[in-house]
Amino acid sequence: MDGRILGKRQNIFLLLVLLGRISGGKTLSLNGLPATGNVTENSSAYVLVHTFSVTLSPSPSEVASGYPLIINSNPLTKAFRIDPGATHTYQVVTTGDPVLDYETMPNSFDLQIYVSDTAGASDLQILTVQITDVNEPPVFRGNLANQTVMIYILEGNRTPPGVIYQIDASDPEQSQLTYSCTPVSQPFMVSQTGTISSTKEFDFERDPHLYLLNITVTDRLGLSTTRAVIVNIINTNDETPYFTTKERVYRIPEENSPGTVVANITAKDPDDDEGIISRLVYSISPPNMHFAINPFTGVIYVAMRIDRDAAPLRLHPNILLVIRVEDSPSGGQTNETEITVIIEDLNDNPPECSLYNFRLEVSETATTGTLFLDLRDHCQDIDVEPPNNEFNFTGLSGLGSNKFTLNPSGSGKIVLIGGLDFENPDNLAVEEYTLTAVVQDIAQPYYTNNIYIYIKIIPVNEFFPGFNNPSYVFNVSEITRAGSSIGKVSATDKDLPFTGITYSIVAGGGTLSYTNIFWIDPNEGNLEIIATLDYETTQKYILTVQASDAEKLATVSVTINVLEVNDEKPVCSANTYSLAIPVDLAVGTNIESFRIECVDRDSSPRSFRYFINSGNVNNHFTFSPSAGSNISQLILASRFDYDSGLDRIWDYRLRVYITDDNLLSSSNRATALIETGTVTLSIKVIPNPTTTITTTPAITLLIRTENIYSESAWYVPFLISVGSMLLLGLLGYLSFLLAKYIRTYCPPKPKANKRALKTTPEKKKVKKEEVWVSTEMTRINTVFDGEATDPVTGKMYEYNSKSGARRWKDTKEPVQPGIKDPVAQEMTKINTVFNGEARDPVTGKMYEYNSKSGARRWKDTKEPVQPGIKDPVAQVISSAPANSSEGKDRMGTPSKQEAGPNGRELAAKNNMATKPSEGKAETSSQDSLKLQKLKDGAGGRGSSSPGRSPVPSPKIYPLLQPKPALKNAV
């Protein structure tokens, strides 16, 4: 609506413009306009509505190109246009787009036609077009409007008689409509309300499957429209299928391959159309593992291997199958039938044996005709029916086929027919025979299997072993080393094959000290000694040696004679002896009646020979007799001569050898075995009382001890090393603790400065003062738990009730020297060592002080000196004359020697000093003046304020003052 109003406004505006141009231009007119034209509805394109012409002005001009034209319409439409006709004649015709419709479109249109010529003249006129109503035929709506409708209904009682479709139609003139259906003979009817109804139930198998209905709708003036409706009858599953195959029993052999066809079951469904592929579905119910069925064709085929010889088919070879046919996969009419499949047996298995390799052991003494093996007990054929399960044995061959046979033939019984004795030369000593037998079916296809029989001949021990000699005798020297061979015994055995003989000593060969002195090689028969022989103990051994072939035994006597050899040393009763003789003993005297008595187990007493091997200086001693006896005396052979210096030894140590070779000639001594005994004699010569002894004889006993490292005692040096390291570590740690204690509690005493107090001060290099870490730690860790007002400044400060530390409440800075410095006090309490004493000039009380830091405390109460008492140390520093720096230590504090009367005098003079004297002190000592200024700036305290104590020492300044002030103070 808004668009139409806007279009009208535009048209009015354009009209005014055109009128203005026309009124001011040359003469140009549209003849035949304005006018009214009529056209019927539903007119096609190019239908003439109105004809008009254009009259030009007298001047030579033409209608401008593109004119005349419809510049606007009310209402807007594209249903009309202007086509040129004869010269200057034009026609208004329909365009056909849109098609004019009296019932749905406006019935009248005002067309504004505008024309212009080449001279600039124009004209505008209106053509009114009236739409004339025409009676139109009824129209179908919905599906019937432009297509044929297909209707599907089910056969039978699923679709009872009644309405099957509702027709939707209308008349453009809104007139009443009537409905009709042809052919009339069809079992359908149409009501005046447009409903199509069936008049009966349909049967797909007997009635037509399709009905064609022509539906006509007519208005009151007789105009009509016809559409086709096709009714399709849908077949429903209302009939039971039936089987057409008559055969019910089928036979097939076993072992058919999967896929082999067994039977073809067919069925028919009355619901099926002619020429249409059956929709029947076949199945086996319940399913069978051996067979399957094609669900669409009914072909039964083998699904898997069928073995007639396995359970359960071995006992029940008939398989009953229930075939089920269904005319709808999702459930419908079904029918069932039974068929029987008989499985027939085939000879498809060879005879099988539990063993195909038999190993038998047969004694060599077995007799002919002995049955060793029945192969039929170990073989079978699993086929079910004869002759498929029958077999026999043939073809016994191989090494030993002349010794064994199948008796009776084909029975599988193996019997011995020849001798097996190993000792028989005709048997070639064969220890094992290898036979081959064949087990074979008696029905085609004659399956076979080979059986291998290994027969081992077991030898029998038929003979006793026998020694080659009836007895054995061996001679052995008594000094023969252990492990030496002394002889060999040998035995043989007639049994074949030879299994070997084992030798052993079963009796003899023992002594009281050794159970067995002899050992025999069990395989070779070699005799060896395993201990030392001794002729003097045993001269003969008789052994019983046994030969065994594991079952039978034989023994022989072996005699072993021990041959004597000189292998015993002479043994003397006095092996070590000490003697003493006077210096003047007569030559030929038996010394202290001493004699040697010796024995030798394997030598005669006459075989002994005595001689002194060493120690017989100047040959003063000899033995008598020197040979041929087992007893000999010690004789002094020559006198001692100490006076002339010939003899110097007073203690003699003689080493005496006793040999058993006296009876041997000189030539035999070089080759014979000689044993030697040893005797050691210690002889002390006793001088006369008048004899001057140049040397004091003495007996010195030297004992040499040698430590030898043993690898088994490795832990001893290890433990000693570890213990030593632990001890050294402990001593080092104790030394560290001791040094730390001494440094903490026993600082070194400061050196006293003994120079006069009024000497000219020396200029010293300024050194940076150290800041104690403990003070900083006090500042960091202090917790302020109280508040108070400073009596001097009136400012509030915070304090720690335990340590006395204080700081200003507003600035959080530590309290300056005008108020007691908690940091310095805390440092004094923790770290100060007081190494000097002095008397306070004001109170007369004794106090202790630290010569390095200047800290002070009362001697009797151990409390720190309060600020109200004048500090004599500070007075000395601030008011001393120029030469007063002497008498102080390096830190500017008085030494212990100065804290006497001189100190008190100096303090008294300082109290009575006037300002001129102060000025004198200022000019005479720049250091004192700078220190005084530092005091005044820090706490307002100088030498003129006797009631306040100055800062005790420059050592504290780095914690209380800025660094530039510290430089000035120093």
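Our structure is the block above this text.
Quantities reported herein were computed from a predicted structural model and do not represent experimental measurements.

1. Re the sheet that holds strand S2 (residues 35–40)
Thinking step 1. Taking strand neighbours across the sheet as the criterion, the 4 strands line up as S2-S8-S7-S4 in an open arrangement whose pairing is mixed. Of all strands in the sheet, those with a lone pairing partner are S2 and strand S4 (69–74), marking the two edges. Between one strand axis and the next, the sheet turns through 30° on average, direction left out of account.
Thinking step 2. Note: S2 against strand S8 (residues 122–132), 6 bridges, orientation parallel. The residue of S8 that forms the bridge with Val39 is Ile131.

2. A few points about the state of the cysteines
Thinking step 1. In this structure the tally under the stated criterion is 2 disulfides.
Thinking step 2. In this model Cys353 forms its disulfide with Cys379; the gap between the sulfur atoms is 1.8 Å. Around the S-S axis, the bridge from Cys353 to Cys379 shows a dihedral of about 100° and counts as right-handed. Remark: Cys379 occurs in strand S30 (residues 379–380) and Cys353 occurs in strand S27 (residues 352–353); sequence separation between them is 26 residues.
Thinking step 3. Cys379 sits in the buried class, given a relative accessible area of 8%.
Thinking step 4. Residue Cys572 pairs covalently with Cys598 via a disulfide, S to S 1.9 Å. Between Cys572 and Cys598, the disulfide has an S-S torsion of 90° and is therefore right-handed.

3. Points about the environment of Thr480
Thinking step 1. Relative to the helices and strands, Thr480 is located in the loop between strand S37 (471–477) and strand S38 (485–488).
Thinking step 2. Along the primary structure Thr480 and Ile529 are separated by 49 residues, whereas in three dimensions their C-alpha atoms are 8.3 Å apart.
Thinking step 3. Among the polar contacts listed, one links the side chain of Thr480 to the backbone oxygen of Ser477, at a separation of 2.8 Å.

4. Re the nonpolar core
Thinking step 1. Ranked by internal contacts, the top residues of the largest apolar core, which has 27 residues, are Ile596, Phe621, Leu634 and Phe640.
Thinking step 2. Elements supplying a minimum of two residues to this core: strand S46 (576–582), strand S47 (590–599), strand S48 (609–614), strand S49 (621–624), strand S50 (631–636), strand S51 (651–659) and strand S52 (676–686).
Thinking step 3. Among all residues touching Leu634, those that are not within four sequence positions of it are Leu579, Thr589, Asn590, Ile591, Phe594, Phe621, Thr622, Phe623, Leu681 and Ile683.

5. Side note on the pairing of strand S43 (residues 540–548)
Thinking step 1. Relative to S43, strand S40 (residues 502–507) runs antiparallel, the two being bridged by 5 bridges. Each bridged residue has a counterpart across the sheet, and for Ala507 the counterpart in S43 is Thr544.
Thinking step 2. Sheet topology note: the S43/strand S44 (residues 553–563) ladder contains 9 bridges and is antiparallel. When the sheet's bridge partners are listed, Ala547 is paired in S44 with Ala554.
Thinking step 3. With antiparallel pairing between neighbouring strands as the criterion, S43 and S44 make up a hairpin whose turn holds 4 residues, including Ala550 at a positive phi of roughly 85°.

6. Let's talk about the side chain of Arg308
Thinking step 1. You can see Arg308 is positioned in the loop between strand S24 (299–302) and strand S25 (318–326).
Thinking step 2. A polar contact is formed between the side chain of Arg308 and the backbone oxygen of Leu313, at a distance of 3.0 Å.
Thinking step 3. Dropping the residues within four chain positions of it, Arg308 is found in contact with Glu254, Leu313, Arg314, Pro317, Ile343, Glu344, Asp345, Val384 and Glu385.

Calculation notes
Residues numbered from 1 in each chain as written. Predicted model: local features only at pLDDT ≥ 70, side-chain atom pairs only at ≥ 80, totals over all residues. Heavy atoms only, no water. Pairing = 2+ DSSP bridges. Helix = DSSP H or I, 4+ residues; strand = E, 2+ residues; numbered from the N terminus. Axes fitted to C-alpha atoms, helices over the stretch in contact; angles between N-to-C directions. Disulfide = S-S within 2.5 Å. Buried < 20%, exposed > 50% of the residue type's maximum accessible area, 1.4 Å probe, protein only. Polar contact = N/O pair within 3.5 Å; in protein donor to acceptor, adjacent residues only side chain to side chain. Core = buried A, V, L, I, M, F, W, Y, C linked by side-chain atoms within 4.5 Å. Contact = heavy atoms within 4.5 Å.

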